[in-house]
Amino acid sequence: MAYHPSKRHPIRRLARFPIGFLLPAVLVLAAIVLFPTLYLLWLSVRHWIVFQPQQYFTGLGNFIALFRSSAFWESLRVTGSYLLLTSLLSFAFGLGLAISLSKAIFARGVVRALIILPLLVPPVVAGFAWKFLLNREIGLVGGYLFPALGITVSLLAHPTLALVSIVIADIWSKTSFMFLILLAALQSIPVELYEAARIDGAGARQEFLYITLPLLVPAIIIGLIFRAIDAINTFDLIFVMTQGGPGTATQTLSIFGWKTAFTYFDLGRGAAIAVVMMVLAVITTLFLTKRLQR
Amino acid sequence: MRKILIVLALALLAGAALAQQTDIRVIAFAQGFAWPDLFGSTGTEKTERLLAFEEQENINVTIEWGDETAVRQKVLTDLISGAGRYDVILLGSDGAVQTYGYSGFLEPLDGYLATGDLDQYITLSDLYPQFLTANTVDGNLYGLSYYSFGPGIIYRTDLFDRYGIEVPTTTDELSTALEQLKTGFEADGITDIYPLTMRGAPGEEPSLDLTGFVYAYAGYPAWFEGGVTTPEEIRSTRAKPIFTGDFRAGFESFVNLSREYGPPGIATHTWVDMMNLYSQGRAAVLLPSAINGYAAITSTENELVRDNSAFAPIVTGPSGKPIQSFWTFSLGVPASSKNKAEAVKVLALLTGNRSMQAFADQTQWPSVTIPSVMHSETLVNRWGSDEIDLNEAAIQASDPYYFPYIPELAEFMDKIGTAASKAITSGDVDSALNELQVWALERMTTAGYYR
């Protein structure tokens with residue numbers, strides 16, 4: 001029998017004022033999310049270099065200085081390349097794996113578990129593992145396998161291949177996340193739709209294009225949003241593998257921001273970079289969400 | 001019942017005694033091989049020596065270990081927030097002591113040490129003066145050094161003998177020796193040994209070595225016009241950066257040696273990589289930070305490396321001055337510490353004679369700050385008095401001011417190292433230095449040096 005509190009019951013009274021229920025959560029969120037965000041915004045408009053005694057309001061000064069700096073644009077370019085490559089490739093691999101493993105194949109459960117395994121490996125550990133694997137002097141892949149195949153270049157010390165190496169490590173590490181999301185979405189598609197399509201004479205290609213893909217779009221968008229935000233914020237994997245190098249070939253905004261704040265001691269400009277990263281993540285999310293709403 | 005009361009009373013007394021102790025918190029890296037005499041070989045114990053110190057001085061010492069990068073971030077955060085969590089902090093003479101010293105974040109140590117009260121732990125006149133100079137900013141001593149090093153060459157005697165190579169004494173001879181090694185390896189079909197290992201990773205790391213090349217080629221710290229090294233000199237002479245000027249020759253030499261004779265991945269190599277390569281017998285010469293060679297020799301399982309390695313003085317450049325590679329693992333006391341006098345006592349304990357000797361006993365590296373420890377039985381027996389004398393001479397010939405002492409040093413070190421990494425990869429020295437020059441001029445202008 002359902003419980004119906006009387007009209008005078010405190011819960012009924014609170015229900016008339018939803019803010020009563022929301023307030024605790026809002027206060028907690030304000031403390032742990034809003035305050036640091038506002039502090040970051042405040043910091044980004046301050047001139048605060050650790051070794052200079054004067055701190056003052058500089059308006060958009062930090063942002064203007066950033067936009068005039070070639071290092072910023074280079075980092076933005078690297079971040080953009082990393083974002084596109086890792087998001088799209090992990091989506092492509094994740095989708096391929098999800099489709100393959102949604103069918104009844106031998107040892108499907110074991111293979112699924114193996115694919116999910118990299119997700120359990122912390123990015124720092126994954127970074128070290130890939131760094132050692134690809135190392136030109138002692139790495140199993142970079143030092144022995146590739147040279148045996150005639151590839152003698154040092155992957156991590158090459159201005160283009162270093163980024164490719166990091167993208168490979170990222171895809172290895174994060175594709176399983178995309179796989180999980182897409183597999184769950186695939187399994188929720190009613191089989192009746194496929195049966196009806198087959199009765200109407202649809203082939204595998206048409207089933208994929210007109211049933212699977214459209215019904216997967218929400219999951220794809222959600223997966224891409226998570227992957228994009230993750231790619232914009234990635235620090236540990238890159239720091240461990242190349243420290244942003246060689247030179248600045250793999251210096252993303254997160255590495256540049258960290259260096260600016262903690263090596264150059266420019267806290268105001270470091271905060272400005274963090275704000276730019278936040279805006280970039282918001283724009284990417286909005287762009288993808290719009291696609292979801294269509 | 002009576003027993004319980006006695007135990008409780010004793011516990012309260014002990015608690016009261018502990019409560020009176022002053023807590024001093026230290027933050028540093030190198031857990032395990034730093035201060036084994038105080039924190040044991042795990043870094044988590046309190047040895048009898050430390051307990052005796054605590055009892056004598058009524059101080060409770062706590063140490064917080066971390067990875068070097070994490071430690072540096074914690075120190076910075078603590079200093080700028082003024083939280084005063086740490087009483088003894090890791091500095092290092094390649095940026096931190098300069099930045100924090102000029103900013104007023106550090107407590108000058110001169111006054112505390114002049115009283116003579118700390119002589120039982122450390123006496124400044126016992127130290128190599130170079131290590132004190134390196135931690136002196138604007139006339140104030142801000143840091144005391146634990147293990148620290150000067151430059152040198154660690155090389156494989158068997159490979160030098162095999163190809164009839166003389167130990168080089170100049171940069172020209174060094175190039176010749178490396179070329180002979182390269183030719184010899186090619187002729188013998190040896191593809192897994194590189195003539196040279198150095199560090200070229202982006203960031204401040206290579207700067208410590210490559211600015212030593214600049215010094216040897218130019219004959220002075222060729223960062224700013226006239227070789228000025230302090231903010232006051234730069235301001236008064238309005239000295240502009242000269243990264244496309246006299247800085248170039250040493251930078252180019254470092255880049256070319258790395259490209260021609262180093263391992264393929266050198267543009268991303270840190271001290272760990274250079275040490276590992278030498279330790280595994282994959283490099284014939286390691287320079288100029290000899291400490292990494294000693295670390296390799298004492299830890300290697302490769303008998304060829306262990307039995308056929310030697311130290312040689314670092315080569316001199318065209319100017320007649322030697323290549324530099326000088327660093328101090330220094331510690332200081334933040335101005336925000338609430339217990340500065342006690343913190344200085346702990347600092348003296350950490351960097352004094354007995355601690356340095358314990359380090360030498362544990363590691364056997366001649367990378368110490370005190371002559372009596374350098375000539376101690378442990379190190380002389382391990383390396384021989386000739387090699388010890390050479391190490392001492394390397395420290396004494398070091399010029400800690402081979403790079404400028406400016407608050408922006410850490411940023412410059414990072415930019416210079418990153419430019420080197422880029423040039424090693426691309427081979428384009430001009431564009432790396434042009435970029436550096438433009439950035440440096442803008443940086444110094446916005447910092448107000450040329451008003």
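The structure displayed is predicted, hence computed values, not measured ones.

Brief notes about the overall build of chain B
Working step 1: Along its length, chain B carries 22 helices and eleven strands.
Working step 2: Its C-alpha atoms give chain B a radius of gyration of 23 Å, near enough to 22 Å, the size a compact globule of 451 residues would have.
Working step 3: Dimensions of chain B, computed from the C-alpha atoms along their principal axes, are close to 85 × 60 × 35 Å.
Working step 4: In chain B, of all internal contacts separated by at least 6 residues, the share reaching a separation of at least 24 is 75%.

Thoughts on the overall build of chain A
Working step 1: Each helix and strand in chain A was counted, giving 13 helices and two strands.
Working step 2: Computed over C-alpha atoms, the radius of gyration of chain A comes to 24 Å, more than 25% over the 19 Å expected from 2.2 N^0.38 for 294 residues, which places it beyond the range of a compact globule.
Working step 3: When the 294 residues of chain A are sorted by exposure, 35% land in the buried category.
Working step 4: Long-range contacts, defined here as pairs at least 24 residues apart, represent 67% of the contacts in chain A between residues at least 6 apart.

Comments concerning helix 17 (residues 353-363) of chain B
All names here are of chain B.
Working step 1: Among the residues of helix 17, those classed as buried are Ser355, Met356, Phe359, Ala360 and Thr363. The buried residues of helix 17 occupy an angular sector of 140° when projected down its axis, which confines them to one face.
Working step 2: Where helix 17 is buried, its residues meet helix 2 (36-39), strand 6 (144-149), helix 14 (290-299), helix 16 (340-351), helix 18 (371-374) and helix 19 (377-383).
Working step 3: Where helix 17 terminates, the next one or two residues include Gln364, which has phi positive at roughly 65°.

With respect to the sheet that holds strand 7 (residues 153-156) of chain B
All names here are of chain B.
Working step 1: Spatially, the four strands line up as an open sheet ordered 8-9-7-10, and their pairing is mixed. Each having just a single partner strand, strand 8 (194-197) and strand 10 (309-312) make up the two edges of the open sheet. Mean inter-strand twist for the sheet, computed between neighbouring axes without regard to direction, equals 25°.
Working step 2: Direction of pairing for strand 7 relative to strand 10: antiparallel, over a ladder of four bridges. Its bridge partner being in strand 10, Ile154 is matched across the sheet by Phe311.
Working step 3: The strands touched by helix 13 (residues 271-279) are strand 7, strand 8 and strand 9 (283-286); relative to strand 9, the strand with the most contacts, the crossing angle is about 135°.
Working step 4: Each of strand 7, strand 9 and strand 10 is contacted by helix 14, which is oriented at about 40° to strand 7, the strand it contacts most.

Some thoughts on the interface of chain B and chain A
Working step 1: Taken together, the contact pairs 27 residues of chain B with 22 residues of chain A.
Working step 2: Broken down by secondary-structure element, the contributors of at least two residues to the side of chain B that touches chain A are helix 4 (68-81), helix 5 (96-103) and helix 21 (409-426) of chain B.
Working step 3: When residues in the side of chain B that touches chain A are grouped by element, the largest group, nine residues, is from helix 21 of chain B.
Working step 4: Of the residues contributing to the side of chain B that touches chain A, the split by class is 13 nonpolar, ten polar and four charged.

Quick notes on the domain arrangement of chain A
Often, the extent of an interface is quoted as the loss of accessible area on bringing the components together.
Residues and elements named next belong to chain A.
Working step 1: For chain A, the assigned domains read domain 1 (10-57) and domain 2 (67-293).
Working step 2: When each unit is reduced to the centre of its C-alpha atoms, the spacing between domain 1 and domain 2 is 31 Å.
Working step 3: Broken down by secondary-structure element, the contributors of at least two residues to the side of domain 1 that touches domain 2 are helix 2 (18-44) and strand 1 (46-47).
Working step 4: In terms of residue count, helix 2 provides more of the side of domain 1 that touches domain 2 than any other element does, four residues in total.
Working step 5: Split by residue class, the side of domain 1 that touches domain 2 holds seven nonpolar, two polar and one charged.

Remarks on the domain arrangement of chain B
Residues and elements named next belong to chain B.
Working step 1: Under the domain assignment used here, chain B contains domain 1 (2-142 + 327-396) and domain 2 (153-325 + 401-446).
Working step 2: Computed over C-alpha atoms only, the centres of domain 1 and domain 2 are separated by 30 Å.
Working step 3: Across the contact, 18 residues belong to domain 1 and 15 residues belong to domain 2.
Working step 4: Mapped by element, the contributors of at least two residues to the side of domain 1 that touches domain 2 are helix 5 and helix 20 (385-396).

Brief notes about the pairing of strand 1 (residues 22-28) of chain B
Residue and element names in this part refer to chain B.
Working step 1: Burial runs high along strand 1: five of the seven residues are buried.
Working step 2: Sheet analysis places strand 1 next to strand 2 (residues 59-65), joined by seven bridges and oriented parallel. Each bridged residue has a counterpart across the sheet, and for Val26 the counterpart in strand 2 is Ile63.
Working step 3: In the sheet, strand 1 pairs with strand 3 (residues 88-90) via two bridges, with the strands oriented parallel. Paired with Val26 across the two strands is Val88, which belongs to strand 3.

Some thoughts on the nonpolar core
Working step 1: In this structure, Val88, Leu331, Val346 and Leu347 of chain B are the most contacted members of the largest nonpolar core, which totals 200 residues.
Working step 2: Sequence-distant contacts of Leu347 of chain B, defined by excluding residues within four places in its chain, comprise Val88, Leu144, Leu331 and Val333 of chain B.

Concerning the sheet that holds strand 6 of chain B
Residues and elements named next belong to chain B.
Working step 1: One open sheet accounts for five strands, arranged 2-1-3-11-6; its pairing is mixed. Only two strands of the sheet have a single partner each, and these edge strands are strand 2 and strand 6. Ignoring which end each strand starts from, the neighbouring axes of this sheet average 15° apart.
Working step 2: Bridge analysis of strand 6 against strand 11 (residues 327-332) gives four bridges, and the strand direction is antiparallel. Directly across from Ser145, in strand 11, lies its bridge partner Ser330.

Let's talk about the packing of helix 6 (residues 123-134) of chain A against helix 8 (residues 161-187) of chain A
Residue and element names in this part refer to chain A.
Working step 1: Contact geometry for helix 6 and helix 8: axes closest at 10 Å, N-to-C directions at 130°. Regarding the angle of helix 6 to helix 8, the classification is oblique. Both helix 6 and helix 8 take part in a crossing whose hand is right-handed. In contact with Pro123, Ala126, Gly127, Trp130 and Leu134 of helix 6, helix 8 contributes Ser165, Ala169 and Ser173.
Working step 2: Partitioned by chemical class, the residues of the contact of helix 6 with helix 8 number five nonpolar, three polar and no charged.

What counts as what
Residues numbered from 1 in each chain as written. Chains lettered and ligands numbered in written order. Predicted model: local features only at pLDDT ≥ 70, side-chain atom pairs only at ≥ 80, totals over all residues. Helix = DSSP H or I, 4+ residues; strand = E, 2+ residues; numbered from the N terminus. Rg over C-alpha atoms; globule rule 2.2 N^0.38 Å. Contact = placed C-beta atoms within 7 Å. Buried ≥ 20, exposed ≤ 12 C-beta atoms within 10 Å, placed from the backbone. Arc of directions from axis to C-beta. Pairing = 2+ DSSP bridges. Axes fitted to C-alpha atoms, helices over the stretch in contact; angles between N-to-C directions. Nonpolar A, V, L, I, M, F, W, Y, C, P; charged D, E, K, R; others polar. Domains from an automatic or database assignment. Core = buried A, V, L, I, M, F, W, Y, C linked by C-beta atoms within 7 Å. Parallel < 35°, antiparallel > 145°, perpendicular 65-115°, else oblique. Left-handed = near helix turned anticlockwise from the far one by under 90°.

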